[in-house]
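Fold and geometry: a report
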Amino acid sequence: MQTPAHSIPLCNSSRNSTFAYRRQQGWLAAVLVVQLVGGLAVLGAPGQEVFPLYSWFLFALTPEQVRTRAEVRLLELDGRAPGPAVALETDRELVSVVQAPTVVRLARDLGRACAAGNEVEVRRLRQTLEDNFIHRPARYELVEVSYHPIERLHGGTEQTRSVRQFDTKVP
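Worth saying up front: this structure is predicted, and the values here are computed from it rather than measured.

As a further point, take the pairing of strand E3 (residues 138–147). Counting buried positions over the 10 residues of E3 gives eight, a clear majority of the element. Bridging between strand E1 (residues 67–77) and E3 involves 10 bridges; their strand directions are antiparallel. Note that in E3 the partner of Thr 68 across the bridge is Ser 146. Judged from the eight bridges that link them, E3 and strand E4 (residues 159–167) form a sheet pairing that is antiparallel. Note on E4: the bridge partner recorded for Ser 146 is Gln 159.

Here it is in structure tokens:
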């Protein structure tokens, strides 16, 4: 005669795994209680933050920094202006969506080379830019765009400074 399944005694491995699971639950509960107590205790700290343990506000106490990026803007293509100066990476006639990150990187590197006064690197980067993306007679400029990220998020403006202009006909 067979023994019913409900009367089979639990084996030791099953008890051990249950005990390990309960122990993990206890540790997790202890960690959560410590976090809660620490979070409540930090309310008395100046600024109510103790980085990196109890930081309730994302970048609440960090000063707002001005961000700056280099951008290549197309001024003239085939002898005619395309309207207001357009960032080359957004011009879908010359640069596809897939190529846009490469243009952004080239603009950044060109800005660094201009700032360092490295004319050899400037010529190399211009050659890469013109051979791969522009392909036609054009005039373009390297600009430095500065902005406050939070202000820009709420409709603020960007400040643009022309760094240097280039012509594909002039090496």
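For helix H2 (residues 100–116), which comprises 17 residues, the first-to-last C-alpha distance of 24 Å matches the rise-based estimate of 24 Å (1.5 Å per residue) to within 8%. Contacts from the buried residues of H2 go to E1, helix H3 (119–134), E3 and E4. At the C-terminal side of H2, Gly 117 shows a positive phi close to 75°.

On to the packing of aromatic side chains. Under the criterion given, the structure shown has one aromatic pair. Against the face of Tyr 147 rests Arg 152, its NZ or CZ located 3.9 Å from the ring centre.

Let us look at the packing of H2 against H3. One can describe the packing of H2 onto H3 by two numbers: an axis separation of 9 Å at closest approach and a directional angle of 155°. If you check the angle between H2 and H3, you find them roughly antiparallel. Taken as a pair, H2 and H3 cross one another with a handedness that is left-handed. Here H2 contributes Thr 102, Val 103, Leu 106, Asp 109, Leu 110, Ala 113 and Cys 114 to the contact with H3, which in turn contributes Glu 121, Val 122, Leu 125, Arg 126, Thr 128, Leu 129 and Phe 133. Grouping the amino acids of the contact of H2 with H3 by side-chain chemistry returns nine nonpolar, two polar and three charged.

Each value, and the rule that gives it
Residues numbered from 1 in each chain as written. Predicted model: local features only at pLDDT ≥ 70, side-chain atom pairs only at ≥ 80, totals over all residues. Heavy atoms only, no water. Buried < 20%, exposed > 50% of the residue type's maximum accessible area, 1.4 Å probe, protein only. Helix = DSSP H or I, 4+ residues; strand = E, 2+ residues; numbered from the N terminus. Pairing = 2+ DSSP bridges. Expected span 1.5 Å × (residues − 1). Contact = heavy atoms within 4.5 Å. Phe/Tyr/Trp six-rings, centres within 6.5 Å; stacked < 30°, edge-to-face > 60°. Lys NZ or Arg CZ within 6 Å of the ring centre and 35° of its normal. Axes fitted to C-alpha atoms, helices over the stretch in contact; angles between N-to-C directions. Parallel < 35°, antiparallel > 145°, perpendicular 65-115°, else oblique. Left-handed = near helix turned anticlockwise from the far one by under 90°. Nonpolar A, V, L, I, M, F, W, Y, C, P; charged D, E, K, R; others polar.

Purely spatial values, then, with no claim about function.
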